[in-house]
Amino acid sequence: KNLAVFVSGGGSNFRSIHESILGGSIHGEIVVLVTNKPGCGGAEYARDNGIPVILFPKMKENLENLSANDLVTTLRRYKVDFILLAGFLKLIPVELVQAYPRSILNIHPSLLPAFGGKSYYGMKVHQAVIASGARYSGPTIHFVDEHYDTGRILAQRVVPVLTNDTAHELAARVLEKEHELYVEVATALCEERIIWREDGVPLIRNKE
Ligand code: GRF
């Protein structure tokens, strides 16, 4: 399967997925990297690894930038099957959601539907989890709709919140699980092991 990965930051999830592809455990290829921050670590890693980088959304004075419809056309040109958001901080335009139904995934560093939405990003998520007194947190991978963090939940991992955790400590513990979970989900996605229950809930079928 052909994958597009969208990043805005360091891209550690992107790297771990790419490494699993190189190692042969994910049967797919990252054919394009989309970013709104051309200088971010994820974009740098893509360039170093010969993965084409596309800027989205539009930025002034850049000839390569794109509108939502151009982006859809470009992704089609790369024959993209699935889109993996990995720390992409912009809202996905409805044109893209409609062009790729049941094909766009996002990872969020809390157990959704708790601590999701536009105001929960980066360390804010972990600060809010700690402040709430919740004893558990962990990453969620969900399908993407036209809102922040509200699409159908596909997979989650539970991580304990320790008594004296700082947001950074909790973030690191969650991030480690994010890498495992995204690789597991990307593996299933490329092997067509995602199935949809009648009520619209997506599930991962185990390997036979
Ligand atoms: C992760 O915590 C992810 O859950 C969130 O953004 C962060 C991205 O980290 N959506 P990285 O760029 O993959 O290191």
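About the cut-offs
- Residues numbered from 1 in each chain as written.
- Predicted model: local features only at pLDDT ≥ 70, side-chain atom pairs only at ≥ 80, totals over all residues.
- Pairing = 2+ DSSP bridges.
- Helix = DSSP H or I, 4+ residues; strand = E, 2+ residues; numbered from the N terminus.
- Axes fitted to C-alpha atoms, helices over the stretch in contact; angles between N-to-C directions.
- Contact = placed C-beta atoms within 7 Å.
- pLDDT = per-residue confidence, 0-100.
- Core = buried A, V, L, I, M, F, W, Y, C linked by C-beta atoms within 7 Å.
- Buried ≥ 20, exposed ≤ 12 C-beta atoms within 10 Å, placed from the backbone.
- Parallel < 35°, antiparallel > 145°, perpendicular 65-115°, else oblique.
- Nonpolar A, V, L, I, M, F, W, Y, C, P; charged D, E, K, R; others polar.

**Overview of the sheet that holds strand β1 (residues 2-7)**
- Taken together, seven strands build an open sheet; the order of strands is β3-β2-β1-β4-β5-β7-β8 and the sheet is mixed. Two strands close off the open sheet at either side, each with one partner strand: β3 (53-55) and β8 (153-156). On average, each strand axis in the sheet is inclined to that of its neighbour by 25°, with strand direction left out of account.
- The pairing of strand β7 (residues 140-143) with β8 spans three bridges and is classified as antiparallel. Counterpart to I141 in the pairing with β8 is A155.
- Sitting on the sheet, helix α2 (residues 41-48) touches β1, β2 (29-35) and β3, and the angle it makes with β2 is about 140°.

**Remarks on the confidence of the model for the protein**
- Averaged over every residue, the pLDDT of the protein is 95; the share at 70 or more is 96%.
- Complex prediction metrics read pTM 0.95 and ipTM 0.97.

**So, the nonpolar core**
- Grouped together as the largest cluster of nonpolar side chains are 42 residues, with contacts concentrated most on V5 and A86.
- At seven residues, the largest contribution of residues to this core is made by helix α6 (residues 167-190).
- When neighbours within four sequence positions are excluded, A86 is seen to be in contact with V5, F6, V7, G11, N13, F14, I107 and Y182.
- F115, Y120, V129 and V174 belong to the second-largest nonpolar core, a separate cluster that totals eight residues.

**Topic: the packing of helix α5 (residues 123-132) against α6**
- Where α5 contacts α6, the two axes come as close as 9 Å, and the packing angle between them is 110°. Comparing the axis directions of α5 and α6 gives the class roughly perpendicular. Residue-level inspection shows M123, H126, Q127, V129 and I130 of α5 in contact with α6, the latter providing A167, L170 and A171.
- A class-by-class count of the residues in the contact of α5 with α6 yields six nonpolar, two polar and no charged.

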